[in-house]
Amino acid sequence: MLPLRDINPTRSTAVVTLVLIAACLYVFFAIQARDTPSEQQEFLYRRAAIGCEIITGDPLSESEIIDSTCSSEPGQPVFPEKEPLISVLTSLFLHGSIGHVLFNMWFLWIFGNNVEEAFGRVRYLLLYLLGGIAATGAFVVLNPNSTVPLVGASGAIAAVLGAYAVLFPAHRVLSLVGWFIIPVPAAIFLGVWFIAQFGLGGTNVAWEAHAGGFVFGLLAAILLRRSLRRRLA
């Protein structure tokens, strides 16, 4: 199912959502190196979160990158200036391809405006950033020896989706299903999306981050549901 729009109008402009979308697009098109595959790879190893680095606290060495192995005694790092914990945040604004960034931003626009209105701008930004951090944490816990750069706003956006599922389960998401456009209840659409993540194992998609972010957003919205619904009343 591909979401086209949700049938859930807002009363205010989703300023934070628009800023996040603009930031991700700016980083991808204006900052992120992608002229050649090697330049793109170097940029991601320099800036993106990597499970092994987060666990050890040290940037990868040349042998770790070449052999795709995480070592307790890695040797001289390739990018010694890199701060692995800072990369957890920078990763949220990096993407692997044009399709990746556009697909993510489309989901963020459809579901983010309503969640931003419910949470308020400051709490929504915190949900987004903390959800992204939780998503990265979930990936690292399940892949502590990974030497592959983890990029994309998907985990943070998944937190937004989880919150939407709690706050607006009955609202319809106009979706392209095959050749048909069908209004699907948000609870069903997002439930199918969540379950589908577990079928992505063995691909280059970090499904663990998606699932972890979604659960974080779900729990955050459940904990704050009473105050959030008062804002929407």
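Each remark here, short or long, concerns the structure printed above.
Residues numbered from 1 in each chain as written. Predicted model: local features only at pLDDT ≥ 70, side-chain atom pairs only at ≥ 80, totals over all residues. Heavy atoms only, no water.

> I'd like a description of the pattern of salt bridges, backed by residues and values.
Applying the stated rule across the entire model yields four salt bridges. Ionic pairing is found between Lys 82 and Glu 53, a salt bridge with its closest N-O pair at 2.7 Å. Here Glu 53 lies in helix α3 (residues 51-56) and Lys 82 lies in the loop between α4 (62-67) and α5 (84-90), a separation of 29 residues in the sequence. Glu 53 sits in the buried class, given a relative accessible area of 2%. A salt bridge links Glu 116 to Arg 121; the shortest N-O distance between them is 3.9 Å. The exposure class assigned to Arg 121 is partly exposed, which follows from its relative accessible area of 46%. One connected set of salt bridges, linked through shared partners, spans Glu 42, Arg 46 and Glu 81. (Salt bridge = Lys/Arg side-chain N within 4 Å of Asp/Glu carboxyl O. Helix = DSSP H or I, 4+ residues; strand = E, 2+ residues; numbered from the N terminus. Buried < 20%, exposed > 50% of the residue type's maximum accessible area, 1.4 Å probe, protein only.)

> Before we move on, can you summarise the sheet that holds strand β3 (residues 180-185) with the specific residues and values?
Spatial strand order, β1-β2-β3: three strands in an open sheet with antiparallel pairing. Edge positions in the open sheet fall to β1 (2-7) and β3, since each of these has one partner strand only. With strand direction ignored, the average angle separating the axes of adjacent strands in the sheet is 30°. Pairing of strand β2 (residues 172-177) with β3, which is carried by six bridges, proceeds in the antiparallel orientation. Residue pairing in the sheet places Val 177 in a bridge with Phe 180 of β3. This element, helix α9 (residues 186-197), spans β1, β2 and β3 of the sheet and lies at about 100° to β3. (Pairing = 2+ DSSP bridges. Axes fitted to C-alpha atoms, helices over the stretch in contact; angles between N-to-C directions. Contact = heavy atoms within 4.5 Å.)

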